[in-house]
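# Notes for the structure review
Listed below are the residues making up each chain.
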Amino acid sequence: MSKPLSIQLYTVRNAIAQDLDSALERVAGLGFTTIELYDFVERADEYARLLAKHGLRPSSAHVHLVDQNLDAVFAAAKTVGVTTIIEPLIVPERWKSIGDIIDIATSLNLASSLAAKEGLTVGYHNHAWELENSFDGISALEEFEALLDPAVVLEVDTYWATVGGADTDALLERLGNRVQFIHVKDGDISKVDKNQQPAGSGRVPVLEILAAAPQAVRVVEFDDYDGDVFDGIAQSVAFLTANGETL
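Along each chain, numbering runs from 1 in the same order as the chain's sequence is written. Residues qualify for local features only when their pLDDT is at least 70, as the model is predicted, and side-chain atom pairs are given and counted only at 80 or more; totals for whole chains, interfaces and linings, by contrast, use all residues. In computing side-chain values, all of the structure's heavy atoms are included and hydrogens and water are not.

We count a salt bridge whenever a side-chain nitrogen from Lys or Arg sits within 4 Å of a carboxyl oxygen from Asp or Glu. For the coordinates displayed, the defined rule picks out twelve salt bridges. The shortest N-O distance in the salt bridge between aspartate 67 and arginine 94 comes to 3.5 Å. Residue aspartate 67 is found in the loop between β3 (57-62) and α4 (71-80), and its partner arginine 94 is found in the loop between β4 (84-87) and α5 (98-116); the two are separated by 27 residues along the sequence. Using a relative accessible area of 26% as the deciding quantity, one classes arginine 94 as partly exposed. A run of H or I in DSSP counts as a helix once it spans at least four residues, and a run of E counts as a strand once it spans at least two, with each numbered from the N terminus. Relative accessibility under 20% of the residue-type maximum defines a buried residue, over 50% an exposed one, and the middle range a partly exposed one, all with a 1.4 Å probe and only protein chains included.

A few words now on the packing of helix α3 (residues 44-53) against α4. Lines fitted to C-alpha atoms define the axes here, with helix axes fitted over just the stretch in contact, and angles between the N-to-C directions of these axes take values from 0 to 180 degrees. Look at α3 against α4: their axes get within 8 Å of each other, and the N-to-C directions meet at 15°. By the angle between their directions, the pair α3 and α4 is classed as roughly parallel. By crossing handedness, the relation of α3 to α4 is classed as right-handed. Contacts between α3 and α4 pair Ala44, Asp45, Tyr47, Ala48 and Leu51 from the former with Ala76, Thr79 and Val80 from the latter. Polar here means any residue other than Ala, Val, Leu, Ile, Met, Phe, Trp, Tyr, Cys and Pro, which are nonpolar, and Asp, Glu, Lys and Arg, which are charged; Gly is therefore polar. Of the residues in the contact of α3 with α4, the class split is six nonpolar, one polar and one charged. Note on angle classes: values under 35 degrees are labelled roughly parallel, values over 145 roughly antiparallel, values of 65 to 115 roughly perpendicular, and the remainder oblique. Whether a crossing is left-handed or right-handed is set by the direction in which the near helix is turned from the far one by less than a right angle, anticlockwise for left-handed and clockwise for right-handed. The contact rule is simple, with two residues in contact once any of their heavy atoms fall within 4.5 Å.

Bringing the sheet that holds strand β1 (residues 6-7) into the picture now. Two strands make a pair as long as DSSP finds a minimum of two bridges between them. Taking strand neighbours across the sheet as the criterion, the eight strands line up as β1-β12-β9-β8-β5-β4-β3-β2 in an open arrangement whose pairing is parallel. Since the sheet does not close on itself, it has two edges, and those belong to β1 and β2 (34-38), each with one partner. Direction of pairing for β4 relative to strand β5 (residues 121-125): parallel, over a ladder of four bridges. By the bridge assignment for β5, isoleucine 85 is matched with valine 122. Across the sheet, α5 touches β4 and β5, and the angle it forms with β5 is around 150°.

Take the side chain of threonine 11 next. Residue position: threonine 11 is located in the loop between β1 and α1 (13-18). A polar contact of 2.9 Å, which involves the side chain of threonine 11, links it to the backbone oxygen of glutamine 8. Any N or O atom pair separated by 3.5 Å or less is treated as a polar contact, with the protein-specific requirement of one donor-capable and one acceptor-capable atom, and with residues adjacent in sequence counted only for side-chain atom pairs. A polar contact of 3.1 Å, which involves the side chain of threonine 11, links it to the backbone nitrogen of phenylalanine 222.

Shown next, in the form of structure tokens:
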């Protein structure tokens, strides 16, 4: 049985800023039962209450882990019931040398070892720059992956990997089961967030990407959208479910 589609709540951040309760109600109304949290540490109790109210549970969560005090993160994760916490971003400047990549991997491996004691799994989410930078023909992301403890998972943002120049389905095949989550989005393969489009309506080979990572939870996301974002989400869901994915 395939894993249910999830949605990165950053996609609906404007609705969340207005009213978390109604935003989650609208997400559930689109058929989602799993969500990927962001910015949840300070609102963990509120999220826990409202997720239960709307029949939602976390597939995963984005939270900064590298060079952070993790006690509050671990406590919040337990409160909301998330078991995989994912570092969402390390700035581009830190992906330009092997030494910096080693430092990032060392820090994430430490976070993973601490998280494991709390029953939590740690992951990393890429942007374009980890694929734009390479060393002897090997992308910074793959150099990084080779340095990670086996317990650390990857969430490949398939749009940003494509923007960064990767043959993304081939990348996913090389990374294999390390990839436990993928961000599914589409667009014109530019760095203009508002040019992102519902899955299946842009230049990203979405179906080939999905086929290359059958083990990964599919997380629908828009960094931005030039229209009603809930309508964009609904279009993505319609495309994905018509092509074999489940809610």
